[in-house]
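Observations on the three-dimensional arrangement
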Amino acid sequence: MSEERIINIISNRNYESRKTKKNLIYKLRKNGFEPSETYSDKAELNICIGGDGAFLRAIHRNAFPEIPFVGINTGHLGFFQELLPNEIDSFIRRYKAQDYQVEKIYMVDATVCTKKKCFYLTGINEIVIKGVRSKVVHLEVFINDNHLQRFSGDGLIVSTPSGSTAYNFSAGGSIVYPSLESLQITPLAPINSSAYRSLPNSAIIPGDAIIQIKPELRYENSILVLNDGMEFKYDSIVSIDLTMSDKKIYKLNFSKDMYWNNLKSKFL
Ligand code: NAD
């Protein structure tokens, strides 16, 4: 008896996504696959329909699975979403012929320790440390226990290579090719005056380094942590340690030039 080839279909509820989903399910069945609208961990592939937000949510909601992803873009930018709805036939043909590469997506882990306990977060794009109610934050920043700076400003973004084209890019950070094992610290509106000195530009940190951020004592209750756009508030934060995650996400890539074409078509 031949094994079922299950493919998970994860879609947002937009009209275009629902239409694409229907067409995709029909064509996958015709090609001998078993599309599943409820997440199965026996699947060989996850297909996500929507924009970048749908892609990020699909990964968070399914606890960072090792089953590779491919995205069909029905949103605006679609940086993670490789395919267009009218490319389903060629996608199925190339998938069956195994004519693709599997790309790794590096993520960032944060350990947020309060006076009582530690909390663990994993981000695909970035983890941001900001002030609540738009207050200025004062943060001590260490790299591998070496004091780097006392930052004052709106906050700091710690971005992954794949996330470098997201919030990091809008804040003036550099674009980092996804396969470069690194994290980037990017300041949000750093204050530079006779009272405060903060690095005005981003710094790219090797992937094995530990970034430690400690809010100044009187700001321990005014910190907001954002994980891929989702807000978390903790009381009495003592420190936040950020490292490249051991977990990885896998994504199908159908063209080695896709990254550069994407950059040009989406940003220029
Ligand atoms: P959203 O719908 O508000 O998306 C924000 C924008 O970020 C969208 O245009 C999306 O296509 C784009 N985006 C997301 N990931 C990207 C990536 N890796 N490369 C290039 N563009 C990317 O919110 P959402 O869809 O829930 O996404 C959350 C993300 O939004 C966060 O991870 C953060 O990176 C981004 N964000 C950006 C800004 C900014 O640019 N000023 C501010 C807040 C959040």
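Nothing here was measured: the structure is a model prediction, and the numbers come from that model. For every chain, the first residue of the written sequence is number 1, and numbering continues from 1 along that sequence. Two thresholds apply to this predicted model, a pLDDT of at least 70 for residue-level local features and 80 or more for giving and counting side-chain atom pairs, whereas whole-chain, interface and lining totals are computed over all residues. Excluded from the side-chain calculations are hydrogens and water; all other atoms, namely the structure's heavy atoms, are used.

1. Structural notes on the domain arrangement of the chain
The line we're drawing: Marked domain ranges trace back to an automatic or database domain assignment. Every residue pair with non-hydrogen atoms within 4.5 Å of one another is taken to be in contact. Throughout, the accessible surface (probe 1.4 Å) given up by two parts as they are put together, summed over both, is called the buried area.
As far as domains go, the chain holds domain 1 (6-99) and domain 2 (107-246). One C-alpha centre belongs to domain 1, the other to domain 2; they are set 32 Å apart. Listed per partner, the contact involves 6 residues of domain 1 and 9 residues of domain 2. Each partner contributes to the roughly 660 Å² buried at the junction of domain 1 and domain 2, and carbon and sulfur atoms together form 80% of this total. Counting the surface domain 1 buries against domain 2, the share from its top three residues, Leu 56, His 60 and Phe 64, is 61%.

2. With respect to the site of the ligand
The following threshold applies: Residue proximity to a molecule or strand is established when one non-hydrogen atom of the residue lies within 4 Å of it. N or O atoms closer than or at 3.5 Å make up a polar contact, with two conditions inside protein: a donor-capable atom paired with an acceptor-capable one, and, for residues adjacent in sequence, both atoms drawn from side chains. The method behind every accessible area is Shrake-Rupley, applied with a 1.4 Å probe, and residues are considered shielded solely by the protein chains displayed. Per the convention used, a helix needs a DSSP run of H or I reaching at least four residues, while a strand needs a run of E reaching at least two, with both numbered from the N terminus. Amino acid classes used here: Ala, Val, Leu, Ile, Met, Phe, Trp, Tyr, Cys and Pro are nonpolar; Asp, Glu, Lys and Arg are charged; the rest, including Gly, are polar.
Lining the immediate environment of the ligand, one finds 16 residues, of which Asp 52, Asn 125, Glu 126, Thr 165 and Ser 170 sit closest. Asp 52 has a polar side-chain atom sitting 2.7 Å from an oxygen atom of the ligand. Note that an oxygen atom of the ligand is positioned 3.4 Å from one of the backbone N or O atoms of Gly 53. Summarising the interface, the protein chains cover 64% of the accessible area of the ligand, which totals 780 Å² for the free molecule. Those elements that place two or more of their residues in the shell around the ligand are helix H2 (52-61) and helix H4 (167-170). Here the shell around the ligand takes 4 residues from H2, the largest share from any one element. Here the residues of the shell around the ligand are counted per class, giving 6 nonpolar, 6 polar and 4 charged. The residues that make up the shell around the ligand include at least three from each of domain 1 (6-99) and domain 2 (107-246).

3. Points about helix H5 (residues 258-267)
Quick note on the threshold: Note on exposure labels: buried denotes an accessible area under 20% of the residue type's maximum, exposed denotes more than 50%, and partly exposed covers the range between, all computed with a 1.4 Å probe on protein chains only. As used here, the arc belongs to the directions running from the helix axis to the C-beta atoms.
Within the span of H5, buried status applies to Met 258, Tyr 259, Asn 262 and Leu 263. Buried residues of H5, viewed axially, fall in a sector of 135 degrees; they line one side. Of the exposed residues in H5, the ones pointing more than 90 degrees away from its buried face are Lys 264 and Ser 265. Among the structural elements, strand S15 (237-253) are those in contact with the buried residues of H5.

4. Some points on the state of the cysteines
As used here, a disulfide is simply a covalent bond connecting the sulfur atoms of two cysteines. The criterion, for reference: Any two cysteine sulfur atoms lying within 2.5 Å of each other are counted as a disulfide.
The full count for this structure, using the stated rule, is 1 disulfide. For Cys 113, the disulfide goes to Cys 118, at an S-S distance of 2.1 Å. On the S-S bond that ties Cys 113 to Cys 118, the torsion sits near 105 degrees, and the link is right-handed. Since its relative accessible area comes to 30%, Cys 118 is described here as partly exposed.

5. Observations concerning helix H1 (residues 15-30)
For clarity, the cut-off: Here a helix's expected span is defined as the number of its residues, less one, multiplied by 1.5 Å.
Between the first and last C-alpha of H1 there are 23 Å, a value that for 16 residues agrees with the 22 Å anticipated at 1.5 Å per step. Every buried residue of H1 is accounted for by Ser 17, Thr 20, Leu 24, Ile 25, Lys 27 and Leu 28. In this structure, the buried side of H1 is in contact with strand S1 (6-11), strand S2 (34-36), strand S3 (45-50), strand S4 (69-73) and helix H3 (88-96). Gly 32 lies just past H1 and shows a positive phi near 90 degrees.

6. Brief notes about unusual backbone geometry
Located in the positive-phi region is Phe 64, a residue other than glycine, with phi close to 55 degrees. Position of Phe 64 relative to the elements: it lies in the loop between H2 and S4. Phe 64 sits in the buried class, given a relative accessible area of 16%. Its identity is not glycine, yet Arg 133 carries a phi of approximately 45 degrees, on the positive side. By the element assignment, Arg 133 lies in the loop between strand S7 (126-131) and strand S8 (137-143).

7. Quick word on the side chain of Glu 82
One can find Glu 82 in the loop between S4 and H3. From its side chain, Glu 82 meets the backbone nitrogen of Phe 254 in a polar contact 2.8 Å long.

8. So, the environment of Asp 246
With respect to the helices, strands and loops of the structure, Asp 246 is situated in strand S15. With relative accessibility at 72%, the residue Asp 246 sits in the exposed group.

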